[in-house]
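Chain and residue survey
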Amino acid sequence: MKKTEDIFETPIDFLKGVGPTRASQLKKEIGVHTFGDLLTHFPFRYVDKTQFHKIRGLQESNNGVQIKGILRRLELIGEGRKKRLVGRFRDETGSIELVWFKGATYLQKTLKVGVEYIAYGKVTRFSKKLNIAHPEMELVVERNLVDVATLAPVYPSTELLNKKGLDAKGIRRLTKALLEELSKVNIPENLPDYIVNKFRFPSRFEALKMIHFPKTQKELQAARNRLKFEELFFLQLRLLQLKKNRKDALRGYVFDKIGAYFNNFYQKNLPFELTGAQKRVVKEIRKDLRTGKQMNRLLQGDVGSGKTIVGLMAMLIALDNGFQACLMAPTEILAQQHYNSIQNYVKGLAVRVAFLSGSVKGKKRKELLRLLELGEIHIIVGTHALIEDPVKFHNLGLAITDEQHRFGVVQRSKLWKKANPLMPHILVMTATPIPRTLSMTYYGDLDISVIDELPPGRKEIKTLHKTESGRLRVIGFMREEIAKGRQVYVVYPLIEESETLDLLNLEQGYETLQREFPPPEFQISVVHGRMKPADKEFEMQRFVKGQTQIMVATTVIEVGVNVPNASVMIIENTERFGLSQLHQLRGRVGRGAEQSYCILLSSYKLTQEAKERIQTMVGTNDGFKIAEADLRLRGPGNMEGTQQSGMISFKIADLVKDGRILQTAREIAHRILDDDFHLERSEHLPIKKFMLTYAKKIKGWGRIS
Ligand code: ADP
Ligand code: MG
């Protein structure tokens, strides 16, 4: 008996009932090339063939229904393209019309009037009467209950395949034939016995049979559990293998000293106690830096969770070991803010910090570059100017990037091309939390740290939703807050396609506000993307310095500005923002001691999805919860940060619903690799064999292969 993975690789052409034409259609239309492909072309739903409807109770529906009755009449009507076969189908409660446009002549010959049938199809309404077009017809006497699964699988198919007889029913037939074929072979297990037993999984072959032809809901559930686990488990195993391999390959500087820079800062300058989460992450980073492997770590933490100080402490470790460090931010303003806060943090310590961006020019720039190359500058903070060509470090040991949005850490690490002699350690900080299921998958081969705790004493930002009718009260509220000395953001969406219109919106809004809040008592800043950088900067600075009370802006302020005195965030056209963007915007307030507010203005009419987004924002301040909701609403493919890395397509697992299984799969994969990395133990042989073919086959993710 053959017992190898090879059977799955058998070309589909070899299956009974599949000739060369069908084979090529299966390949082209649904990517089924091999036996294995057909087996994992899973049903997307099942029809419960135990349920029969009564004709009298039928209603229009998108799902197919099954009725049992007698075919009463059958006639061909019409000519040429209008020719159709019409039948009348009756049970004890009433009758309904059945109609076929295709294959009418053939069907007229084969269907038998006066005989009991089971008809299955969608009920539609045609000139006020219900009918079923193209029902599947099955003779009651032929329904062999042993043979027909109670839950009949329905497969994704295409129009072309449908035409060629490979509709759901056709594919069902092929799959059935294939499973029969395979039952003669001994299908190899790909999971160790101890896992199969632990979770009481069906065997691999049983699971495949049961997913296609389940006899009960329970069987279906068991099969799904196992196949989802399998899919997630092997991907995690692969990711963790890659992670370790890369770590082994990438040597890094050894930072094993904690010296005066770090200690002086910690003892003299640290302005508050670190949160538990910050301490944990500093430890994780310290551990990485000692290993002699290059660190590639993603640090996730909600806005205001205190990532900067963690980054600074990592940089001080680099300094203690005789190296330079840098911190790169996506915009000039954000870089400048980082520069200021870092200078503040290290005040009085012998740390030389410099700032570099496109705006640093001429002599000043030349001198700065000279000092950097000499190693006279310890920490440099800046924009992407840091990775431009003329910038040479004396010895860069740690590069930190603060991202508004998520990028792959690996892509980021490529920026630091100039290994000298080794690549610097890499830390990427992001304020856009990624749901765990996504990060385990898309960044599953990277190290991830999470700051999941806010510094103590933060007041929750109160979030309210208002429609146009509440606008006057919102203006009144702004007035009260400004009277208390607070500042207010008013943010408008700006989408490139409708840029001109959006700008008009913003300008009208600005004019309205000017009428409500006239000078000289009130001052308003305006910032949008069409302004010259210098003007933007000027307006921004007026707000930062408290010279203006209101800042009207497009989403440019999403990135980074820190004005602790601003305590009200008003968002216009909320329905046009995505969840993660709303969360980022809200994060601009709540930075000071005062109670902060976020007011979401939208039109009265909202789509269901927009409603859910707004409810989520009103309901929670937790970035991780918001990310989970975002994933649920938009699906994994549309989340920010996943597009860049390309999609991993799952056959059966679902990142939105299968978080638990994923977590378990990852833990088990971890455990296995920890004590048997090369899968050499006999109990791991099934995994090893399977991985040989599997590793080549993961589709759609450049980074894995
Ligand atoms: P992030 O970059 O994660 O959004 P920051 O690093 O800018 O957050 O920190 C936000 C604010 O919280 C800063 O004013 C910082 O000084 C303060 N902060 C950070 N950690 C703590 C802490 N452990 N206790 C109190 N305040 C803290
Ligand atoms: Mg920050």
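Please refer to the structure higher up on the page.
Notes on the structure follow.

Right, let's get into the overall build of the chain. Counting its secondary structure elements, the chain contains 25 helices and 21 strands. Expressed along its principal axes, the backbone C-alpha trace of the chain runs to roughly 95 × 70 × 40 Å. In the chain, which comprises 705 residues, the share counted as buried stands at 51%. In the chain, once contacts between residues fewer than 6 apart in sequence are set aside, the share between residues at least 24 apart is 74%. For the chain, the exposed surface amounts to about 34200 Å²; the carbon and sulfur share of it is 52%. Of note, the chain has its 112 positive side-chain charges centred 2 Å away from the centre of its 80 negative side-chain charges.

With respect to the helices and strands, the residue Thr10 is situated in the loop between helix H1 (6-9) and helix H2 (20-30). A polar contact of 2.6 Å, which involves the side chain of Thr10, links it to the backbone oxygen of Ile7.

Moving on: the site of ligand 1. Around ligand 1, 16 residues are found, and the nearest of them are Gln278, Gly304, Lys307, Thr308 and Arg458. With respect to ligand 1, the side chain of Tyr345 contributes an N or O atom lying 2.8 Å from an oxygen atom. Protein coverage of the free-state accessible area of ligand 1, which is 560 Å², stands at 78%. Its residues placed into classes, the shell around ligand 1 shows five nonpolar, six polar and five charged.

Turning next to the nonpolar core. Core analysis: the largest hydrophobic core is formed by 99 residues, its most contacted members being Phe233 and Ile380. With 10 residues, the single largest contributor to this core is helix H12 (residues 307-320). Structurally, this core is a two-domain feature, drawing no fewer than three residues from each of domain 1 (5-45 + 179-212) and domain 3 (260-451). Residue contacts for Ile380: discarding those within four places in its chain leaves Ala325, Cys326, Leu327, Ala354, Leu356, Leu368, Leu372, Leu386 and Phe393.

Gaps between atoms show up when a probe of the same size as a water molecule is rolled over them. Under the definition given, this model contains two cavities of 30 Å³ or more. Here the second largest cavity defines a volume of roughly 60 Å³. Every residue lining the second largest cavity is listed: Lys243, Arg246, Lys247, Leu250, Gln294, Asn296, Asp445, Leu446 and Asp447. The dominant element in the lining of the second largest cavity, judged by the number of residues it contributes, is helix H9 (residues 217-249), at three residues. Along the lines of polarity and charge, the residues of the lining of the second largest cavity split into two nonpolar, two polar and five charged.

In terms of burial, strand E9 (residues 296-301) is a largely internal element, six of the six residues being buried. Neither face of E9 is open: one carries Asn296, Leu298 and Gln300, the other Arg297, Leu299 and Gly301, and all of them are buried. Across five bridges, E9 lies against strand E14 (residues 425-430) in parallel orientation. Across the sheet, the residue bridging to Leu299 is Met429, located in E14. In this sheet, strand E15 (residues 447-451) lies alongside E9 in parallel orientation, the contact comprising five bridges. Its bridge partner lying in E15, Leu298 is registered against Ile448.

This part takes up the sheet that holds strand E17 (residues 487-491). What the six strands build is an open sheet, ordered E16-E21-E20-E17-E19-E18; its pairing is parallel. Because the sheet does not close on itself, it has two edges, and the strands there are strand E16 (462-467) and strand E18 (524-527). Each adjacent strand pair in this sheet contributes to an overall mean axis angle of 20 degrees, direction not counted. Of the pairings in the sheet, the one linking E18 to strand E19 (residues 550-553) comprises four bridges and is parallel in character. Residue pairing for E19: Ile524 is matched across the bridge by Ile550. Taken strand by strand, helix H19 (residues 533-544) contacts E17, E18, E19 and strand E20 (566-571), and its axis lies near 145 degrees from that of E18. The sheet strands contacting helix H20 (residues 579-586) are E16, E17, E20 and strand E21 (597-602), and the helix crosses E20 at an angle near 155 degrees.

Bringing the packing of aromatic side chains into the picture now. Taken as a whole and judged by the stated rule, the model has 15 aromatic pairs. Seen from their ring centres, Tyr253 and Phe323 are 4.4 Å apart, and the 40 degrees between their planes marks the pair as tilted. With a gap of 70 residues between them, Tyr253 in the loop between H9 and helix H10 (260-269) and Phe323 in the loop between H12 and strand E10 (324-328) connect regions that are remote in the sequence. Its relative accessible area of 9% is what places Tyr253 among the buried residues. A residue is classified by how much of its surface remains accessible, and Phe323, at 17% relative accessible area, is buried. Plain terms: the ring middles of Phe262 and Tyr266 are 5.9 Å apart, the flat faces sit at 10 degrees to each other, and that makes the pair stacked. Separated by four residues within a single helix, Phe262 and Tyr266 lie in helix H10, roughly one turn from each other. Its relative accessible area of 6% is what places Phe262 among the buried residues. Using a relative accessible area of 35% as the deciding quantity, one classes Tyr266 as partly exposed. An aromatic cluster is built from Phe199, Phe201, Phe229, Phe233, Phe234 and Phe690, whose rings are joined through pairwise contacts.

We now examine the sheet that holds E14. Ordered by their spatial adjacency, seven strands build an open sheet running E11-E12-E10-E13-E14-E9-E15, and the pairing between neighbours is parallel. What marks the edges here is a single partner per strand, and that holds for strand E11 (353-356) and E15. Between one strand axis and the next, the sheet turns through 20 degrees on average, direction left out of account. This element, helix H11 (residues 276-290), spans E9, E14 and E15 of the sheet and lies at about 160 degrees to E15.

Two numbers describe how H11 lies on H12: the axes approach to 10 Å, and their chain directions differ by 30 degrees. The angle between H11 and H12 places the two elements in the roughly parallel class. Considering only the axes of H11 and H12, their crossing is right-handed. Where H11 approaches H12, its residues Gln278, Val281, Val282, Ile285, Arg286 and Leu289 are matched on the opposing element by Ile309, Val310, Met313, Ala314 and Ile317. Here the contact of H11 with H12 is composed, by residue class, of nine nonpolar, one polar and one charged.

Cut-offs and rules
Residues numbered from 1 in each chain as written. Chains lettered and ligands numbered in written order. Predicted model: local features only at pLDDT ≥ 70, side-chain atom pairs only at ≥ 80, totals over all residues. Heavy atoms only, no water. Helix = DSSP H or I, 4+ residues; strand = E, 2+ residues; numbered from the N terminus. Buried < 20%, exposed > 50% of the residue type's maximum accessible area, 1.4 Å probe, protein only. Contact = heavy atoms within 4.5 Å. Areas by Shrake-Rupley, 256 points an atom, 1.4 Å probe, with all protein chains shown as cover. Lys, Arg positive; Asp, Glu negative; His and termini not counted. Charge placed at Lys NZ, Arg CZ, Asp CG, Glu CD. Polar contact = N/O pair within 3.5 Å; in protein donor to acceptor, adjacent residues only side chain to side chain. Near = heavy atom within 4 Å. Nonpolar A, V, L, I, M, F, W, Y, C, P; charged D, E, K, R; others polar. Core = buried A, V, L, I, M, F, W, Y, C linked by side-chain atoms within 4.5 Å. Domains from an automatic or database assignment. 1 Å grid on protein atoms, 1.4 Å probe; cavity = no way out; pocket = protein on both sides within 12 Å on 5 of 7 lines; lining within 4 Å. Points joined across faces, edges and corners; volume = space filled by probe spheres on them. Pairing = 2+ DSSP bridges. Axes fitted to C-alpha atoms, helices over the stretch in contact; angles between N-to-C directions. Phe/Tyr/Trp six-rings, centres within 6.5 Å; stacked < 30°, edge-to-face > 60°. Parallel < 35°, antiparallel > 145°, perpendicular 65-115°, else oblique. Left-handed = near helix turned anticlockwise from the far one by under 90°.

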